[in-house]
Amino acid sequence: MNASPATPVSTPPARAALKPLDAALDELLAYATALPDAESVLTFDADGRVLAQDLTSSLNVPAHDNSSMDGYAVRAADCADAAAVLQVSQRMAAGISANGLLPLAPQSAARIFTGAPIPPGADAVVMQEDCVALEGTTGEGAGPRVQVKVAPQPGQWIRRRGEDVAAGSVVLQRGERLGPASLGLAASIGFDRLQVARRVRVALFSTGDELVMPGEVLPQDMKPGAIYNSNRFFLRTLLQRLGCVVTDLGIVPDRLEATIAALKTASDGHDLILTSGGVSVGEEDHIKPAVRALGELNLWQIAIKPGKPFAYGHIGGAHFIGLPGNPVSSFVTFLVLVRPFILKLQGAREVAMKSIAAPAHFTWARADKRREFLRVRQNAAGGLDLFDNQSSGVLTSAVWGDGLLDNPPGRTIAHGDMVQFVPFSSLLC
Ligand code: AMP
Ligand code: MG
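Computed from a predicted structure; not experimentally measured. (Residues numbered from 1 in each chain as written. Chains lettered and ligands numbered in written order. Predicted model: local features only at pLDDT ≥ 70, side-chain atom pairs only at ≥ 80, totals over all residues. Heavy atoms only, no water.)

A. Geometry of the site of ligand 1. In the region of ligand 1, 16 residues are neighbours, and Glu210, Asn229, Gly278, Gly325 and Asn326 sit closest. Asn231 places a polar side-chain atom, nitrogen or oxygen, 3.3 Å from a nitrogen atom of ligand 1. Relative to its unbound accessible area of 480 Å², ligand 1 is 77% covered by the protein chains. Among the elements of the structure, strand E13 (201-207) and strand E15 (227-228) are those that each provide at least two residues to the shell around ligand 1. For the shell around ligand 1, the residue count by class is four nonpolar, 10 polar and two charged. (Near = heavy atom within 4 Å. Polar contact = N/O pair within 3.5 Å; in protein donor to acceptor, adjacent residues only side chain to side chain. Areas by Shrake-Rupley, 256 points an atom, 1.4 Å probe, with all protein chains shown as cover. Helix = DSSP H or I, 4+ residues; strand = E, 2+ residues; numbered from the N terminus. Nonpolar A, V, L, I, M, F, W, Y, C, P; charged D, E, K, R; others polar.)

B. Looking closely at the domain arrangement of the chain. By domain assignment, the chain separates into domain 1 (21-36 + 199-345), domain 2 (39-58 + 166-197), domain 3 (66-159) and domain 4 (356-426). Each of domain 1 and domain 2 has a C-alpha centre, and the two are 32 Å apart. Taken together, the contact between domain 1 and domain 2 spans five residues of the former and four residues of the latter. Carbon and sulfur atoms make up 39% of the area that domain 1 and domain 2 hide from each other, which totals about 390 Å². Contact with domain 2 buries area across many residues of domain 1, yet Arg199, Leu242 and Leu343 alone supply 76% of it, more than any other trio. Linking domain 1 to domain 2 there are zero salt bridges. Viewed at the interface, domain 2 and domain 1 are joined by one residue pair in polar contact (both at pLDDT 80 or more). Looking at the side of domain 1 that touches domain 2, its residues break down into two nonpolar, no polar and three charged. (Domains from an automatic or database assignment. Contact = heavy atoms within 4.5 Å. Buried area = accessible area lost by both parts, 1.4 Å probe. Salt bridge = Lys/Arg side-chain N within 4 Å of Asp/Glu carboxyl O.)

C. Expanded view of the sheet that holds E13. Taken in spatial order, the six strands make up an open sheet running E16-E13-E17-E21-E20-E18, and their pairing is mixed. The open sheet is flanked by strand E16 (245-252) and strand E18 (296-300), the only strands paired with a single partner. Strand-to-strand twist of the sheet, defined as the mean angle between neighbouring strand axes without regard to direction, takes the value 20°. When E18 meets strand E20 (residues 311-315), the two strands line up antiparallel, connected through four bridges. (Pairing = 2+ DSSP bridges. Axes fitted to C-alpha atoms, helices over the stretch in contact; angles between N-to-C directions.)

D. Structural context of the pattern of salt bridges. This model, assessed by the stated rule, comprises 15 salt bridges. In this structure, Arg232 and Asp248 form a salt bridge, with 2.8 Å as the shortest nitrogen-oxygen distance. Residue Arg232 is found in helix H3 (residues 231-241), and its partner Asp248 is found in strand E16; the two are separated by 16 residues along the sequence. In this structure, the salt-bridge partner of Arg236 is Asp248, at a minimum N-O distance of 2.7 Å. With Arg236 in helix H3 and Asp248 in strand E16, this residue pair connects regions lying 12 residues apart in the sequence. Residue class for Arg236 comes out partly exposed when judged on its relative accessible area of 36%. Each of Asp22, Arg371 and Asp406 takes part in salt bridges that share partners, so that together they form one network. (Buried < 20%, exposed > 50% of the residue type's maximum accessible area, 1.4 Å probe, protein only.)

What follows is the structure in structure tokens.
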């Protein structure tokens, strides 16, 4: 009889502590070196892109002191008396040249319209609602006159030269993520084209033998155990909202060779490979061994709920991020981890999610060791309501909710407690 060697008695190794989310995010962002290349795009087409140049203004905006009201430009000292009557000596509308403006004669007013330059000598504008236009008279002092009914403060209703933008100043900095207001500002200083970071090229695929595509299989024809691939839809959309060019490689079966083949294809010509599912500890989870076979796995498992099995690595020149398969885990880890990563690849200066304090209008008695992101909704009283099913498979929670409650590890929540709320409106753009 073959005596088998005695199995040494040993206690199983203690489970390694999960990496705290902040540390994991720092590590992840350290890998996200900004892509070096930039491209020139029309300012009209630059919404959502990240500026790759500092925009310095060659002019003052506004270019001249000008009126912010329709009314009369005056010397305030001439109108100290209530009901002062002034001769209307000139008329100026927006668009007239500020060069060669006639100085405002004492005891006179200039009819002026919004945006028109202030004539030299005038130091206030009285809005027309505070004036009465008087008929012209004949003889000396002929012509229109105006009665100023409310004594003006010096400087009132005058927009100062350069008060928006001073010539020579940097108006928008490299790393600014452009949006409607910043595009308008860039246009206000004459930029019709902008240098922006190039789009991030992302290869996307979902793993799972159970997955089928809506449209390919009708609900009544679904085999037992089959589910529709929902992650593919929101991940693609989220990537597109971040300006990525997405190569969608579809569904990859739960086999190591198939996973390796898909990752190999994905690593070619892409900055980032993003996968969903197959990154947990089950026997059908082939992502990690496949990444290790082709490259390096640098990070796996984070103290975040939902979303613990999140993974990061490299294959060739491509970054790899593996998201968990559970839809809410996938959705939340995209917003919390992938979004800042992609913004950083584009050189964005602000990548951190921003939370605001709000009172909880519910109780949460189950403290978790992990930092939790609960799906909540702001109510009319400014408080947060909680979706009643916080399971990582319940995607309805993310539709019902209008944001995430960022709950630190180990914390229970009593009704009325101030908590941190991250609105989806700040994450889904
Ligand atoms: P996994 O991370 O692969 O173990 O998957 C965890 C759970 O998420 C399982 O119940 C899967 O069926 C489900 N799942 C995985 N991928 C998807 C997907 N693309 N769409 C919807 N559910 C998914
Ligand atoms: Mg799976």
